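# Understanding the architecture of this molecule
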Amino acid sequence: MRFPLTLAHIFERAGKLFPKSEIVSRLPDKSLHRHTYSEFCRRARALGGALQHMGLKRGDRVATLMWNHYAHLEAYFAVPCAGGVLHTLNLRLAPEDIAWIANHAGDRFLIVDDVLLPLYSKFREAAKFEKVIVVPLTGSSVAAEFDDYEAVIARSRPFKPLALKEEDPAGMCYTSGTTGRPKGVVYSHRALVLHSLASALPDVMGMSNHDTVTPVVPMFHVNAWGMPFTAAMVGAKLAFPGPHLDAVSLLDLYQSEQVTLTAGVPTIWAGILQALDQEPARWKLSAGMRMVVGGAAAPESMIRAFDRHNLMVIHGWGMTETTPVAAVNYVKRELAGPAGDTQYAQRAKQGVPLPLVEVRAMTGEGEAAWDGATMGELEVRGPWIAAKYHDLETEADKWSADGWFRTGDVVTIDAHGYIKITDRIKDLVKSGGEWISSVDLENALVGHPKVAEAAVIAVPDAKWGERPLAVVVLKPGQSATAAELREYLAPKFAKFCLPDGVLFVAEIPRTSTGKMLKAKLREQFKDWKTS
Ligand code: ADP
C-alpha cells in the first residue's frame with residue numbers, strides 16, 4: 001500500500017493511543033508545568049488552525065525562538081501538520097546572525113517565549129515577521145502589538161486536515177556555523193518519520209512507552225536530536241528542562257520525574273558529573289538512566305565515571321545535515337565482555353551506522369579499509385541525510401552524483417563497523433606529512449585528574465608545517481605544569497604526536513551549541529613558538 005510517512009500520523013496516533021502520557025516542563029520561575037498528550041494534541045490542533053487562519057500556506061516557514069517546553073512541542077507538530085515548515089531559531093546566536101538566518105529562510109511568522117522578548121527586541125528591526133505570537137511562560141500579560149499564544153489557542157479553531165505528501169518539507173534548521181556561515185537544512189516528513197523509527201530501536205536510543213525522556217539538547221538545534229518526535233511516536237513521558245540547564249536543576253528534574261533517558265552535549269555532562277562527584281548521595285536517580293552524548297566526542301574518562309554512578313553513556317554521532325542521528329554506539333554481541341580497557345575504548349568510539357544509513361571513509365586513493373587505523377573523510381547517505389542546503393548553490397560539491405554526502409569529519413572505521421572521529425578536517429594537525437588527531441589528545445588530557453577541559457590546535461611550524469599545541473583549563477583549585485601533562489600523555493602516544501606546548505587558560509571559547517571554537521584559539525595562538 002502506498003501510505004505517506006508524515007508527522008500527522010505520529011501526531012494523531014499519540015492523541016488516540018497515549019492520551020494519559022505526561023508532559024512536564026520546567027518554567028522560568030522553576031515551577032513545573034504538567035499536562036498530558038491529550039491536552040497537547042488539543043492545543044496543537046488549535047495552534048495549527050490559528051496559523052492557517054492567519055494565512056499560513058503550504059511550505060511557509062514558521063520560526064520559533066523558544067526553550068524546551070510544552071509549547072515548543074505543540075509548535076513541533078502544529079506547524080508541519082498545518083502544512084507549514086517549523087524553523088527553529090538558535091537563541092544562543094548573536095542577534096544579527098538570527099536576523100540573517102530568519103531572512104534567508106524567509107520566515108513569515110514567529111512564536112517566541114516571553115522571556116526571550118529582550119533578545120527578539122535586538123533583531124526585530126532587522127527581521128520582519130508578519131505575526132509575532134508570544135508564549136506567556138511567566139504568566140505576565142502580552143503586549144497588544146503581539147498575539148498572545150494562550151489567546152490564540154483558546155479561540156480553538158482546529159486545523160483543516162491536509163493531504164500531506166511525505167516529501168513535503170516539515171522542519172528546518174541551520175548549522176551552528178562551527179566551520180563557516182550557517183547553512184539551512186530542510187527536513188521532509190518522510191525523513192523525520194524514518195529517523196524517529198530508527199532512533200527508537202533498541203540498539204539506538206531504545207526509546208519506549210515506559211521511558212521518561214529529558215532532551216537537554218535544545219529543541220532549537222536539529223530538533224533536539226529528534227527526541228520530541230520519537231517520544232510522541234512511542235508515547236513516552238516527556239520532562240522538559242525549560243531554560244534551566246545548570247547541573248543542579250537538571251539533576252532535580254531527573255530525580256523528581258525519575259527520568260530514564262536523556263541527551264545532550266559533553267559540556268552538560270561534565271557539569272553533571274562534577275555535581276554528582278561532589279554530592280554523591282544528594283540525588284536518587286533512576287538506576288541505569290541512559291544518557292545519549294553527542295555533538296562532540298564523549299571522552300572515555302567520562303563514560304567510566306558515569307558507570308561508577310550507575311548511569312549509562314550512549315555515544316552517538318550526527319550533524320545538522322543528518323537529521324541528526326546517523327551512528328550510535330552499543331556493544332555488539334561479538335564484542336561483549338567484562339568492562340575492561342578494550343570495552344571502554346570501544347564505547348568511546350562514535351558507534352555503528354543506523355539501519356538505512358551507509359558510511360564510508362574516503363582517502364585520496366579511494367575507500368579506506370575498515371581496519372580501525374586508516375583515516376579518511378566520512379561520507380554518508382541514507383533517507384534522512386540532506387540532499388542539499390536551502391537556497392545555497394555554492395556547496396553542491398559536498399554531494400556526489402550517487403548521493404554520498406561529504407561530512408568534513410576525519411574518521412577510522414574498524415573491522416566491526418565502529419566509526420571513530422579523529423578530527424574535523426579543518427582541525428586536523430598535519431605534521432611532517434602525518435595526521436595527528438587533536439580529538440585523541442583532548443580525550444586523553446581530560447582523563448588527567450587535574451584537567452577540566454582541553455583543546456588541541458595546530459600552530460604553524462617552519463620545519464613540520466604544523467605542530468600540536470594543547471590549551472588546557474584546570475579543575476578549580478588545581479595547578480599543573482606543561483611537563484607534567486606531557487609526561488602523562490607520553491605512554492599513550494607516538495612521540496611526534498605529543499603537543500609541543502601546553503598552555504593554561506581560564507576558559508575555552510565555545511560555539512552556540514557548546515562546541516569548542518578552535519578557529520578562535522588558532523587565531524589567538526597563531527604566533528606561539530616553543531621557546
Ligand atoms: P556545526 O556543523 O555547525 O558544528 P552540527 O551540530 O551539525 O553543527 O555539528 C556536527 C559536527 O559535530 C560533526 O560533523 C562532528 O564534527 C561533530 N560531532 C558530532 N557528534 C560527535 C561525536 N560524538 N564525537 C565527535 N564529534 C562529533
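For the structure, check the block above.
Criteria and cut-off values
- Residues numbered from 1 in each chain as written.
- Predicted model: local features only at pLDDT ≥ 70, side-chain atom pairs only at ≥ 80, totals over all residues.
- Heavy atoms only, no water.
- Helix = DSSP H or I, 4+ residues; strand = E, 2+ residues; numbered from the N terminus.
- Contact = heavy atoms within 4.5 Å.
- 1 Å grid on protein atoms, 1.4 Å probe; cavity = no way out; pocket = protein on both sides within 12 Å on 5 of 7 lines; lining within 4 Å.
- Points joined across faces, edges and corners; volume = space filled by probe spheres on them.
- Nonpolar A, V, L, I, M, F, W, Y, C, P; charged D, E, K, R; others polar.
- Buried < 20%, exposed > 50% of the residue type's maximum accessible area, 1.4 Å probe, protein only.
- Pairing = 2+ DSSP bridges.

Further remarks concern the environment of V134. Position of V134 among the secondary structure elements: in strand 6 (residues 131–135). Along the chain, V134 and V115 lie 19 residues apart, while their C-alpha atoms are 9.4 Å from each other. Those residues in contact with V134 that lie beyond four places of it in its chain are V112, D114, L117, V142, F146, D147, D148 and Y149.

Here the second largest pocket is characterised by a volume of approximately 570 Å³. Lining the second largest pocket are 26 residues; nearest its centre among them are E300, K420, D440, N443 and A444. Elements represented by at least two residues in the lining of the second largest pocket include exactly helix 12 (300–308), helix 13 (341–347), strand 21 (419–424), strand 23 (434–436) and helix 14 (438–445). Among the elements that take part in the lining of the second largest pocket, helix 14 stands out by supplying four residues, more than any other. Along the lines of polarity and charge, the residues of the lining of the second largest pocket split into 14 nonpolar, five polar and seven charged.

With that out of the way, let us pick up the environment of L32. By the secondary structure assignment, L32 is in strand 2 (residues 32–36). The exposure class assigned to L32 is partly exposed, which follows from its relative accessible area of 31%. For the pair L32 and Y120, spaced 88 residues apart in the sequence, the C-alpha separation amounts to 25 Å. Apart from the residues within four sequence positions on either side, L32 is in contact with V24, S25, R26, L253, S256 and E257.

Before going further, it helps to examine the sheet that holds strand 6. Spatially, the seven strands line up as an open sheet ordered 7-6-5-3-4-8-9, and their pairing is mixed. Every interior strand has two partners, whereas the edge strands, strand 7 (147–148) and strand 9 (184–188), have only one. Pairing between strand 5 (residues 107–113) and strand 6: five bridges, direction parallel. If you follow L110 over to strand 6, its bridge partner there is V132.

Moving on to the environment of M319. Relative to the helices and strands, M319 is located in the loop between strand 14 (312–318) and strand 15 (325–328). With relative accessibility at 9%, the residue M319 sits in the buried group. Along the primary structure M319 and K349 are separated by 30 residues, whereas in three dimensions their C-alpha atoms are 16 Å apart. Apart from the residues within four sequence positions on either side, M319 is in contact with V222, P324, F405, T407 and R424.

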